[in-house]
Amino acid sequence: MNMPIVFIHGVNARQGETYTRNVAQRKIWSHDIILQQLAREYPTWKSTDIIESYWGDFGVQFKWNLESLPHTELFEMMGTADVDGESADLLDFLFAESINELSDTTFTSLSKLSSFNEHSGYLIDAAHNNLILFLEAIFLPLFLAKHPSGDIKQTPEKEGLFQARLGMAIYNVATNSDIQNHIIGLADKELLDYLKDQILQQLIDQETTTPITPGIEILGPRSSGHSFDKINKTIESLIQFPTRFANNALLYKFRANLHKNIARFLGDILVYLNQRSDQEPYGPITSTVLNSIDTATKLYPDEKLIIVTHSLGGIILYDILTYYKPDLVVDAWISTGGQIGQFEEMKLFKASNPELKSPQKIALPPNIRRWLNIYNPLDVLSFITQPIFTGCIRDQKYVAGSSLFAAHMEYFQGPALYKIIYEYLIKEEVLR
Amino acid sequence: MNTPTFNKQTALLYDNKADHTKQAGFHALIVGIGNYQSAQNLQPLTSAAFSAHAIAQKLIDLANENQLQVPLATCRLLIDAFPSSMDTILSQYSQPINKSVFQDTVISWIADARAHADNMSFLYFAGHGIQLSGNDRSLLLGDFKNTWNDAINIQNIVRGMSREPRYQLYFFDTCHIFPDQLRNNQSPVGTNIIDDIPLQEYTPDFRLIVNASASGHPAFAQPEGHTFLCDVLLNCLNGEGADIDTNDEDHWVISFLSLDHGLKQLKNTLARTKPWQIHEDDITLETQLSSTPNNSTIRVFQTPPITHHIFKIHESHPTTNIRVDIQDSNRKRHSTPTIIYPSFSLPLTPGVYRYSVHNCTVVSEKKCRIKQRKPLLIMPPAKCHQLRCEECLKCKRP
């Protein structure tokens, strides 16, 4: 038994180092968390082909390279390395929001946060409350903020591979019940040191069991490679300057890209809507995605078809399944960070019926056998679907702490999402 | 092989010592450890034993063809092969190699090598290795059990050989990475297996130390095949590490200098062409050549041991039609067909040739510009020469 999974990306995806890295990362996590586990459940299952449907070349292009973006004081302020005064207060506030979300603690004043130190116990509260979210929220984004594999610049594929490995290591640590029990009662510094050691050991174990360079022998002990120093420094900095460090790392990523990403988000959607056509080939974006799906169904004509979409990818697919190719059967559709519900509210789909409105619901067409819509409450661009649609559909909440700043673009930046997808496929018995 | 029986106790694969009591000889110690089953974080190696055996076989072949600079006197072979990858050949040689066995063999090898000042010593070790404190490096044997101070200190072996014999070759085919487990602890210094000799007393006249990886880097191998360094070394011994003999221009020779140069050149070429998913920059190789002034062409091997060699054109213009006329030392002319590179080869016996390129026409002016950074590079068995075609010159190539 084989199975194709088509991945349709969303807004802001463009060929380049980030895209290459993300594809490499997605491949590893899909394989390790979804595919290997499925193989254990279904002995006849052999492999899965992940087909990346890339349409970014037809997305919005800015003829002045976004020269129209204003240089505001806010963005400059948020990105500076040394912060003080109001900027520091803002950073403290943002970090407090993250910890609040994770630890069920409410900081009543910024002065309390300013005294945050290794003895304060806020981190252990957050970790004990939900170790998975704590690690994916606090650790993973810090490690991935710059070059995750250390000071040595790697190829995007290797960066992606390493990010996936690091994510898996963090995920394995977070879901280990022994580790969860062990952290009870630790001070914050002890917690960070302990988690650091566990993550590094996980990296070494992974390298031992499934080497990052398969088909090659390494004439020395398996190691976490150049990541050791990076992880060590990150943890040390986190222990010494938790608020400043955490927020600077996140804001560094955030500041540089937020405004540009918003412009691209709007631009991609407008370009898609503008180019969408009733005449074949239906516009470049639609036809590109259709070609990818055709490839999957031709390569695996008798197999289940699973499609994963992100953001605008879901809108494109919904148009295809309800208007352009209503005879295409999708056995499972997993949408992430999608705006399908919002678009239906605005009646922007080709098949939208303006007469249907609340309290009525849209019946899912029969060619969509199952639909899991994953949203992040911190992602202001993600919407739920169950109030609008009826049928075999489920909205699934997915909280990623790193998403405080970059929620919309980081659904696939942690292993927990892949675990949700795997559990959904098993629970719904998609492969039976 | 010249010696049909292998003595596991002495590890002697080739023993011609009795015939060379008063004259210089070549003394080799070749080690391949793949059976690591006692230590955590150390994977068994399926390539180490094959690599060691291949190097030993090559040396004995060279000896049988009288290609070694001095006759082969002894060749010791220590192989501890990973059982599941052992074939019938390796099983003849494989035995557990612990510290005691290794120490005894090294001491015997050093004693033989130091018996005559003009001897040549050769050590090749394939197996796991780690970086010790400072820049010291170490080898790990099959009985290694995660006590890092039990790692065998490489510098101790090199120092143990001291300044005699005058000609020494070392190939350490291991990683030189610092284990994660040691980063928070005091660095180990490793184990000395022979009495250390003060630093100032151990520099021989000619010594080449080749490490398969630079400090802090891993070394790589093909499972069930050869290590990367093994392939590089074998290619060099097949002629790619050769140079014109400065004493006899009609002959090629592998010298300390040419071997050092050839290893580095070939490493770069193979790192680019190996079908491994490793960035070529991650494949490192480090050599340390020490020699007395003006003696850098001291021979290691005689004329490269090749009966036929392909006359190669490297990195030639891929759209260039060429015919190469080659004149050997007897003024006999050989010509290649006029053909587009790279489907071009001509078997030649070792020797010095004069050559010229004709009918060098570029297929497309446009393509010529695209490829203008790739000059013609013609390589007889070992020596590289750079040529440019007339058309290329017209294009004002750099």
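For the structure, see preceding data.
Summary of the structure given here. (Residues numbered from 1 in each chain as written. Chains lettered and ligands numbered in written order. Predicted model: local features only at pLDDT ≥ 70, side-chain atom pairs only at ≥ 80, totals over all residues. Heavy atoms only, no water.)

Looking at the overall build of chain B
Heads up, the rule is: Only runs of H or I of at least four residues qualify as helices and only runs of E of at least two qualify as strands under DSSP, and these elements are numbered from the N terminus. Each residue gets one of three labels from its accessible area relative to the maximum for its type: buried under 20%, exposed over 50%, partly exposed in between, using a 1.4 Å probe on protein chains only. Only heavy atoms enter the contact rule, under which two residues are in contact if any of them lie within 4.5 Å.
Tallying secondary structure elements over chain B gives eight helices and 23 strands in all. Relative to its 398 residues, chain B shows a buried fraction of 54%. Of all intrachain contacts in chain B linking residues separated by at least 6 positions in sequence, the fraction that spans at least 24 positions is 76%.

Quick look at the side chain of A:Asp395
Residues and elements named next belong to chain A. Quick reminder of the rule: Charge assignment: positive for Lys and Arg, negative for Asp and Glu; neither His nor the chain ends contribute. For salt bridges, the criterion is a side-chain nitrogen of Lys or Arg within 4 Å of an Asp or Glu carboxyl oxygen. What qualifies as a polar contact is a pair of N or O atoms within 3.5 Å, subject to a donor-acceptor requirement within protein and to the restriction that residues adjacent in sequence count only when both atoms come from side chains.
The topology assignment puts Asp395 in strand 9 (residues 393-397). The charged side chain of Asp395 is buried without a salt bridge, its nearest counter-charge being Lys361 at 8.4 Å. A polar contact of 2.9 Å, which involves the side chain of Asp395, links it to the side chain of Asn373.

Looking at unusual backbone geometry
Going from A:Glu280 to A:Pro281, the amide bond is cis rather than trans, its omega being 10°. Summarising the element assignment, A:Pro281 is placed in the loop between helix 11 (242-275) and helix 12 (284-299). That bond from A:Ser358 to A:Pro359 is cis: its omega, 5°, falls within 30 degrees of zero. Note that A:Pro359 resides in the loop between helix 14 (340-345) and strand 6 (362-363). Not every positive phi belongs to a glycine, and B:Ala11 is a case in point at roughly 65°. Along the chain, B:Ala11 turns up in the segment before strand 1 (12-15).

Describing the packing of aromatic side chains
Residues and elements named next belong to chain A. The line we're drawing: For Phe, Tyr and Trp, where Trp contributes only its six-membered ring, two rings pair if their centres lie within 6.5 Å, and the inter-plane angle classes them as stacked under 30 degrees, edge-to-face over 60, or tilted in between. To sit over a ring, a charge needs its Lys NZ or Arg CZ within 6 Å of the ring centre and within 35 degrees of the ring normal.
Enumeration according to the criterion identifies 21 aromatic pairs over all chains in this entry. With a centroid separation of 6.1 Å and an interplanar angle of 70°, the aromatic rings of Phe412 and Tyr418 are classed as edge-to-face. Judged by relative accessible area, which is 9%, Phe412 ranks as buried. Chaining the aromatic ring pairs together yields one cluster made of Tyr318, Trp333, Phe343, Phe349, Trp371 and Phe389. Sitting over the face of the ring of Phe7, Arg26 holds its NZ or CZ atom 3.6 Å from the ring centroid.

A closer look at the pairing of strand 8 (residues 167-173) of chain B
Residues and elements named next belong to chain B. Definition in use: One bridge is not enough; two strands pair if DSSP finds at least two bridges between them.
The buried fraction of strand 8 amounts to seven of the seven residues, a majority that puts the element mostly inside the structure. Both faces of strand 8 are covered, namely the face carrying Tyr167, Leu169, Phe171 and Asp173 and the face carrying Gln168, Tyr170 and Phe172. In this sheet, strand 8 lies alongside strand 4 (residues 120-126) in parallel orientation, the contact comprising seven bridges. Looking at strand 8, one finds that Phe125 is bridged to Phe172. Across six bridges, the pairing between strand 8 and strand 9 (residues 206-211) is parallel. Looking at the pairing, Leu169 lines up with Leu208 of strand 9.

Thoughts on the nonpolar core
This is how the line gets drawn: We define the nonpolar core as a collection of buried residues of types Ala, Val, Leu, Ile, Met, Phe, Trp, Tyr and Cys that are connected through side-chain atoms lying within 4.5 Å of one another.
If you look at the biggest cluster of nonpolar residues, it comprises 100 residues, and the most contacted ones within it are B:Ile30, B:Phe102, B:Phe122, B:Tyr124, B:Phe171 and B:Leu263. Element by element, the count of residues in this core is highest for helix 1 (residues 48-64) of chain B, at 11 residues. If you look at the next biggest cluster of nonpolar residues, it comprises 39 residues, including A:Phe265, A:Val271, A:Ala296 and A:Leu317.

With respect to helix 1 of chain B
Along an α-helix, residues three or four apart share an orientation, since each turn contains 3.6 residues. Residue and element names in this part refer to chain B. Heads up, the condition is: Every helix has an expected span of 1.5 Å times one less than the residues it contains.
When the terminal C-alpha atoms of helix 1 are compared, their 24 Å separation across 17 residues agrees well with the 24 Å that a helix rising 1.5 Å per residue should span. Within helix 1, 14 of the 17 residues are buried, which leaves the element mostly enclosed by the surrounding structure. In the segment just after helix 1, Asn66 is the residue with positive phi, at about 55°.

Topic: the packing of helix 1 (residues 17-41) of chain A against helix 16 (residues 415-427) of chain A
In helix packing, the relevant descriptors are the interaxial angle and the interaxial distance, both defined with respect to the helix axes. Residues and elements named next belong to chain A. For clarity, the cut-off: Axes here refer to lines fitted to C-alpha atoms; in helices the fit is confined to the stretch in contact. Angles between the N-to-C directions go from 0 to 180 degrees. Between 65 and 115 degrees an angle is taken as roughly perpendicular, under 35 as roughly parallel, over 145 as roughly antiparallel, and anywhere else as oblique. Here a crossing is called left-handed whenever its near helix is offset anticlockwise from the far helix by less than a right angle, and right-handed whenever the offset is clockwise. Residues are grouped as follows: Ala, Val, Leu, Ile, Met, Phe, Trp, Tyr, Cys and Pro are nonpolar; Asp, Glu, Lys and Arg are charged; every other residue, Gly included, is polar.
Interaxial distance between helix 1 and helix 16 falls to 9 Å at its minimum, and their mutual angle equals 30°. Of the possible angle classes, the one that applies to helix 1 and helix 16 is roughly parallel. The two elements helix 1 and helix 16 meet at a crossing, and its hand is right-handed. Across the interface between the two elements, Arg26, Trp29, Ser30, Ile33, Ile34, Gln37, Leu38 and Glu41 of helix 1 pack against Pro415, Tyr418, Lys419, Ile421, Tyr422, Leu425 and Ile426 of helix 16. Taken together, the residues of the contact of helix 1 with helix 16 sort by class into 10 nonpolar, two polar and three charged.

Everything listed here is a matter of coordinates, which is why it stays silent on function.
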